[in-house]
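Residue-level listing of the chains:
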Amino acid sequence: MAAAAVERRQVKFELRAEPGSTVYVAGTFNEWNPTQKRMRDPFRQGLYSTTLLLPRGRYEYKFIVNGVWC
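All figures in this text were calculated on a predicted structure; none of them were measured in a lab.

A. How the structure looks around the pairing of strand β2 (residues 23-27). Extensive coverage of β2 is indicated by the burial of 5 of its 5 residues. By the alternation rule, side chains of β2 split into Val23, Val25 and Gly27 and Tyr24 and Ala26, which are all buried. Examined bridge by bridge, β2 and strand β5 (residues 61-65) share 5 bridges and lie antiparallel to one another. Along β5, the bridge assignment pairs Ala26 with Lys62.

Right, dumping it as structure tokens:
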């Protein structure tokens, strides 16, 4: 018997922070790993973002900016 496919969706995380900061997102989706998913600021204007492909559900998360959990 084949396993049912898990429905996944793209979830975008965004945060405004000082340009040049080091920003990550951590949560229940990655076992709160504070350095697994780095966020990018491609235009160096302080708008950091990343998109994750996650199974449907509810998640808790925090941002880590320059080593400080927010």
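Having seen it, we continue.
B. Representation of unusual backbone geometry within the structure. The backbone phi angle of Arg44 is positive, close to 55 degrees, even though this residue is not glycine. Located in the positive-phi region is Asn66, a residue other than glycine, with phi close to 50 degrees. Looking at where Asn66 falls in the secondary structure, it is placed in the loop between β5 and β6 (68-69).

C. Main features of the sheet that holds β6. Read across the sheet, 4 strands follow the order β3-β2-β5-β6 without closing on themselves; strand pairing throughout is antiparallel. Whereas interior strands pair on both sides, the edge strands pair on one side only; in this sheet they are β3 (37-38) and β6. Bridge count for β2 against β3 is 2 bridges, and the pairing is antiparallel. Bridging from a neighbouring strand, Val25 pairs with Lys37 of β3.

What counts, and where the lines are drawn
- Residues numbered from 1 in each chain as written.
- Predicted model: local features only at pLDDT ≥ 70, side-chain atom pairs only at ≥ 80, totals over all residues.
- Heavy atoms only, no water.
- Buried < 20%, exposed > 50% of the residue type's maximum accessible area, 1.4 Å probe, protein only.
- Helix = DSSP H or I, 4+ residues; strand = E, 2+ residues; numbered from the N terminus.
- Pairing = 2+ DSSP bridges.

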